Amino acid sequence: TGVGKSTTIAKIAANASLLKKKTVGIITTDVFRVGSIEQMQQYAALIGIPMEAVSDGAGFRLAMSRFEKYDLVS
């Protein structure tokens, strides 16, 4: 905990979206840590990209299908 994984994902997403003009979406599986979904929602909102929070394989597959035409899914 606390080593910057979420921040790094946000930086990668921001770089691809804002600088490289790619279509980017974020999927988080970190649904148990207090505040984790809200943190990633804030990053996504600041970048202006969609974010999905999933808690199981079925949810992940559904989120991936929503982002299937995106250039990058972080």
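Right above here is the structure, for reference.
Residues numbered from 1 in each chain as written. Predicted model: local features only at pLDDT ≥ 70, side-chain atom pairs only at ≥ 80, totals over all residues. Heavy atoms only, no water.

### Regarding the pattern of salt bridges
Our working definition: Salt bridges are defined as contacts in which a side-chain nitrogen from Lys or Arg sits within 4 Å of a carboxyl oxygen from Asp or Glu. A simple rule labels every residue: compare its accessible area, found with a 1.4 Å probe on the protein chains alone, to the largest value its type can have, and call it buried under 20%, exposed over 50%, or partly exposed in between. Secondary structure follows DSSP: runs of H or I at least 4 residues long count as helices, runs of E at least 2 residues long count as strands, and numbering of each begins at the N terminus.
A full pass over the atoms with the stated rule returns 2 salt bridges. A salt bridge links Asp-30 to Arg-33, with the shortest nitrogen-to-oxygen separation between them at 3.0 Å. Residue Asp-30 is classed as partly exposed on the basis of its relative accessible area of 27%. A salt bridge links Glu-52 to Arg-66, with the nearest nitrogen and oxygen atoms 2.9 Å apart. With Glu-52 in strand β2 (residues 51-53) and Arg-66 in helix α3 (residues 57-66), this pair connects stretches of sequence that are 14 residues apart.

### A word on the side chain of Ser-36
Our working definition: In protein, a polar contact means a hydrogen-donor-capable atom and an acceptor-capable atom, both N or O and within 3.5 Å, with residues adjacent in sequence counting only if both atoms are side-chain atoms; elsewhere, any N or O pair within 3.5 Å suffices. Contacts are assigned to residue pairs with any non-hydrogen atoms lying within 4.5 Å of each other.
Its place among the elements puts Ser-36 in helix α2 (residues 36-47). Of the polar contacts made by the side chain of Ser-36, one reaches the backbone oxygen of Arg-33; its length is 2.9 Å. Every residue in contact with Ser-36, bar those within four places of it in the chain, is listed here: Asp-30 and Val-31.

### Some points on the nonpolar core
For clarity, the threshold we go by: Grouping buried Ala, Val, Leu, Ile, Met, Phe, Trp, Tyr and Cys residues that are joined through side-chain atoms within 4.5 Å yields what is termed a nonpolar core.
Among the nonpolar cores identified, the biggest contains 10 residues, and these are Ala-13, Ala-14, Ala-16, Val-24, Ile-26, Met-40, Ala-44, Ile-47, Ile-49 and Met-51. Only α1 (5-19), β1 (24-28) and α2 provide two or more residues apiece to this core. Those residues in contact with Ile-49 that lie beyond four places of it in its chain are Ala-13, Ser-17, Val-24, Ile-26 and Ala-44.

### Section: α1
The periodicity of an α-helix, 3.6 residues per turn, causes residues three or four places apart in sequence to face the same way. The following threshold applies: By this rule the span expected of a helix is its residue count minus one, scaled by 1.5 Å.
Compared with an ideal rise of 1.5 Å per residue, which puts 15 residues at 21 Å, α1 spans 21 Å between its outermost C-alpha atoms and is within 8% of the ideal. Every buried residue belonging to α1 is among Ser-6, Ala-10, Ala-13, Ala-14, Ala-16 and Ser-17, and all of these are buried. Next to the buried residues of α1 lie β1, α2 and β3 (72-73).

Without other data, these values stay purely geometric and don't point to any function.
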